[in-house]
Amino acid sequence: MNEKYLPHDLEKKWQKQWSQDRSFATQMDKERPKYYVLEMFPYPSGNLHMGHVRNYSIGDVVARFKAMQGFNVLHPMGWDAFGMPAENAAIKNGIHPAKWTWDNIANMRRQQQELGLSYDWDREVATCHPDYYRWTQWLFLLFFKRGLAYKKKAAVNWCHDCNTVLANEQVIDGHCWRCDSVVVKKELEQWFLKITDYADRLLEDLNELPGWPDRVKIMQENWIGRSVGAEFSFEVPEIRERIAVYTTRQDTVFGVTYIVLAPEHPLVEKLIAGKSAATAVRDFVEKVRNLSEINRTSTDTEKEGMFTGAYAVHPFTGAKVPIWVANYVLYEYGTGAVMGVPAHDERDWQFASKYGLPKRIVIQPEGNPLALDSMAAAYDGPGKMVDSGDFTGMDNEAGKKAVAEWFERQKIGKVRVNYRLRDWLISRQRYWGAPIPIVYCPECGAVPVPEKDLPVRLPENVRFDTGSVSPLAQVADFVNCKCPHCGNDAKRETDTMDTFICSSWYYYRYTSPGSTTAPLDAEAVNYWMPVDQYIGGIEHAILHLLYSRFFTKVLKDAGLIEANEPFKNLLTQGMVIKDGAKMSKSLGNVVSPEEIIQKYGADTARLFILFAAPPERDLDWSDQGVEGAYRFLGRLWRILGQYQSLLKTASPTYSPADLSKEERDLRRILHVTIKKVTSDIGERFNFNTAISSIMELVNAMYLVREQVSKPNPSLLRETASALLRLLSPFAPHITEELWHEVIGKGSVHKQRWPVCDPDAMQVDEVEIVLQINGKVRDKIIVPSGCNGDALEKLALEQDKVKLMLEGKQVVKIISVPQKLVNIVVK
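All figures in this text were calculated on a predicted structure; none of them were measured in a lab.

Points about the UniProt feature "binding site: ATP" (unreviewed entry) in the protein
In this numbering, the UniProt entry assigns the feature "binding site: ATP" (unreviewed entry) to Lys585. By the secondary structure assignment, Lys585 is in the loop between strand S29 (581-582) and helix H18 (593-600). Look at Lys585 and you get exposed, because its relative accessible area is 81%.

Encoded structure:
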């Protein structure tokens, strides 16, 4: 054994050994409890970054820990390999997307292996492989046959730089989620999945996920946006039309002073026809249509609107109500029109204040009546209805029901449940994605490709300069085909699927990657699913995570799986920060994992990134912290190296009664550490405090070396054995090497997790604080278990206490066992 810790040779040695032995390959074993741990698979961009290292290290700790506890652990890895970056690279560099992608996969797989991650590489998947996207297409056809996939013309989000459509969830503050270009609206025929059919289940079943962060569940609740309200109509005599509005505050209907339409509302053009404001309104409409939904509805966005020059009739009062168009109303939400109640809605208050529209109080809070001239903001709380016709005096909650019932009796409205969620737009006008398996026949219409003909393969002879038309549309051999039904000439669909389709089911494919007759094997998937611990970024809360839940429910309904939710527990790790900002090339603050591994080794990189912060919090990068992790591993190497010969030959058994006080202290610290590390990993994922406890145990070994000339060999062996097992999930290479050098049997990663001995955690002596009138005056060491009268007697016998009690009367003595004695005097 070398005197100095030299990580590079030993890490390569064990990585090669684990690969040859297929050490982490997993099979079903119904005699053992299963545990499926999974980190979100990466896009093969070319190189790992520190965020990847953190994500994978967290998962690896959990996987190794659970395996040592006796679980049958599934821990796979793969590649989310379709997408626009590969195609953009092809355009920029003249490299085919397939070559660019597979080269990147090879490089990133090498980097993952250099981190010593315990993946079952036999289960590796890549979404761009025909054996995978064959089943992605199969699943699309399943949705199609179940009436959940359809095509329609719609105004869609369009990114000019990426030349493709984006789902609403992929538009962030009006910009493309990938390239940050401004997103505009465009009318196109597109494929959708009917996720709205599952809105209620997606919402209600969040209650089945106690292991998910509340933050993520709230984000999904808000995105689904279920609300119960009323829909009713305002008549517009001028154009002989009615404008339907949806509201959850029908109790405030008597406070309506204007109506607002979405710029896209089909009645806008009729309302402005022939009016002086027509041109200005049209210009305003065009400007607003190109803003994203999130941008338009953000509380930070200034509310803007224009008066159409037309009026509607209030259904209760008969009053004329001006009709406006505004940027904060969406045509696809509700009815595309809302009633304006400035006194009781903050958004309406701001809009009315800006444009001088009237305000009318119709809800008065109990005991503190409102007056418009003293109001600085809208009142949206509970109260009594006032100035509300026959409903005046009603509690506003009861009024909601009464007003809705009146609408239904008058046949001008109805109770309605509404959702913010929209169907998932999955068409993409790009090449590097799974082709949508549909053929268009002049006679038969849209015809699904027969399952026996899957996959519909991507052609290789494509051009990437086709602008807004899919590159596939330019490949005649791909487009022109025969109708599967009638055999006539037909044409293929040339759109590909949103890559989030591919990532919505990959965790199922891991359970049976070799299945050739179906996307998954029922026995395997029902054994392994759901994923017990899923790990990934918060940024996927309303994209990947929502879509995966949707897919799972459809697969369950189709009888393919038993699970109702895909991920039992979810950990969303924080970002890696350097110089106050997230690492990025543009900021020049990127630290390369390869540089760290080359200089310090993979174990140091893993140990630092797990020690520097709890996993759910952002981590501040520290070069000094990396150095500290490296020095600790060196200290571990040296202390066990010094005892190597002693540990190899030591008997595994000994009598605790034969130990010296210093040795008993080491044994106590050992078992306290076992208990704490087990709890920190298994219950709270407090990896930083677990590592800190292990460091303290190593310090305790150094202290015994200084205090005891010939420490008990069996105690040292017990300590070293447990120490290496405790540290092995965090630093797998050094612990494997030291296990073979100083313990010598099998692999450390195949050992059982250590169990603490409660008796060993008991202390022989404790330090007691002595107080007089609550102020600390002295400290004494007493035998553990010394309490009551014996403890008080010892306290009163101390010379310093006697001196301070001279001339004073002891009123009472308060003793707290194992902690303190407080003598109250006057």
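Notes on the packing of aromatic side chains
Tallied over the full model, the rule gives 49 aromatic pairs. On the numbers, 5.0 Å between centres and 50° between planes, the contact of Trp324 with Tyr355 is tilted. Pair noted here: Trp324 is in strand S14 (residues 320-326) and Tyr355 is in helix H11 (residues 346-355), with a separation of 31 residues, a long-range link. Judged by its relative accessible area of 9%, Trp324 falls in the buried class.

Topic: the sheet that holds strand S30 (residues 619-620)
The strand order across the open sheet formed by 3 strands is S29-S28-S30, and the pairing between neighbours is mixed. The sheet is open, and its two borders are formed by S29 and S30, each paired with just one other strand. Sheet topology note: the strand S28 (residues 576-578)/S29 ladder contains 2 bridges and is antiparallel. Paired with Lys578 across the two strands is Ala581, which belongs to S29.

Observations regarding empty space enclosed by the protein
Using the criterion set out here, one finds 2 cavities of 30 Å³ or more in the structure. Taken as a whole, the largest cavity encloses approximately 130 Å³ of empty space. Gly83, Met84, Arg428, Asp498 and Thr499 are the residues nearest the centre of the largest cavity, which is lined by 14 residues in total. Among the residues making up the lining of the largest cavity, the classes are represented as 5 nonpolar, 5 polar and 4 charged. Taken together, Thr136, Leu139, Phe140, Phe143, Leu193, Ile426, Met497, Ile501 and Phe551 form the lining of the second largest cavity. If you tally residues by element for the lining of the second largest cavity, the top one is helix H5 (residues 130-145), at 4 residues. Residue classes in the lining of the second largest cavity are distributed as 8 nonpolar, 1 polar and no charged.

Details of helix H2 (residues 50-68)
Helix length check: H2, at 19 residues, gives a terminal C-alpha distance of 27 Å against a target of 27 Å (1.5 Å per residue), a fit within 8%. For H2, the buried fraction is high: 17 of the 19 residues fall into the buried class. Gly70 occupies a position one or two residues after H2 and carries a positive phi of about 105°.

Side note on the nonpolar core
Counting residues in each nonpolar core, the largest one holds 183 residues, and the members touching the most others are Trp424, Phe550, Leu640 and Phe730. The dominant element in this core, judged by the number of residues it contributes, is helix H23 (residues 687-707), at 11 residues.

A word on the state of the cysteines
One pass over the full model with this rule turns up 0 disulfides. For Cys483, which is in no disulfide, the shortest distance to another cysteine sulfur is to Cys441 and amounts to 3.7 Å. Cys483 gets classed as buried once you look at its relative accessible area, which sits at 4%. Cys486 forms no disulfide, and the closest cysteine sulfur to it belongs to Cys441, at a distance of 3.6 Å.

A word on the sheet that holds strand S6 (residues 164-166)
An order of S6-S5-S9-S19 is seen for the 4 strands of this open sheet, with the pairing classed as antiparallel. Strands with a single pairing partner mark the edges of an open sheet, and in this sheet they are S6 and strand S19 (424-425). Bridging between strand S5 (residues 149-159) and strand S9 (residues 183-193) involves 11 bridges; their strand directions are antiparallel. Of the residues in S9, the one forming a bridge with Ala155 is Glu187.

So, the packing of H2 against helix H19 (residues 602-611)
Here H2 crosses H19 at 90°, and the two axes come no closer than 9 Å. In terms of axis orientation, H2 runs roughly perpendicular to H19. Taking contact as the criterion, the partners of Met50, Val53, Arg54, Ser57, Ile58, Asp60, Val61 and Arg64 in H2 are, on H19, Arg606, Ile609 and Leu610. Counted by class, the contact of H2 with H19 contains 6 nonpolar, 1 polar and 4 charged residues.

Here's the deal with H19
Counting buried residues along H19, 9 of its 10 residues qualify, which places the element largely inside the surrounding structure. Inspection of H19 places Ala602, Asp603, Thr604, Ala605, Arg606, Leu607, Phe608, Ile609 and Leu610 among the buried residues, and these make up the whole buried set.

Points about the side chain of Glu736
Looking at where Glu736 falls in the secondary structure, it is placed in helix H25 (residues 732-743). Put simply, Glu736 is tucked away with no salt bridge, and the nearest opposite charge, on Arg64, sits 6.7 Å away. At a separation of 3.0 Å, a polar atom in the side chain of Glu736 contacts the side chain of Trp18. Those residues in contact with Glu736 that lie beyond four places of it in its chain are Trp14, Trp18, Ser747, Val748 and His749.

The rules behind the values
Residues numbered from 1 in each chain as written. Predicted model: local features only at pLDDT ≥ 70, side-chain atom pairs only at ≥ 80, totals over all residues. Heavy atoms only, no water. UniProt positions renumbered as here; feature names shortened; annotations may be inferred. Helix = DSSP H or I, 4+ residues; strand = E, 2+ residues; numbered from the N terminus. Buried < 20%, exposed > 50% of the residue type's maximum accessible area, 1.4 Å probe, protein only. Phe/Tyr/Trp six-rings, centres within 6.5 Å; stacked < 30°, edge-to-face > 60°. Pairing = 2+ DSSP bridges. 1 Å grid on protein atoms, 1.4 Å probe; cavity = no way out; pocket = protein on both sides within 12 Å on 5 of 7 lines; lining within 4 Å. Points joined across faces, edges and corners; volume = space filled by probe spheres on them. Nonpolar A, V, L, I, M, F, W, Y, C, P; charged D, E, K, R; others polar. Expected span 1.5 Å × (residues − 1). Core = buried A, V, L, I, M, F, W, Y, C linked by side-chain atoms within 4.5 Å. Disulfide = S-S within 2.5 Å. Axes fitted to C-alpha atoms, helices over the stretch in contact; angles between N-to-C directions. Parallel < 35°, antiparallel > 145°, perpendicular 65-115°, else oblique. Contact = heavy atoms within 4.5 Å. Lys, Arg positive; Asp, Glu negative; His and termini not counted. Salt bridge = Lys/Arg side-chain N within 4 Å of Asp/Glu carboxyl O. Polar contact = N/O pair within 3.5 Å; in protein donor to acceptor, adjacent residues only side chain to side chain.

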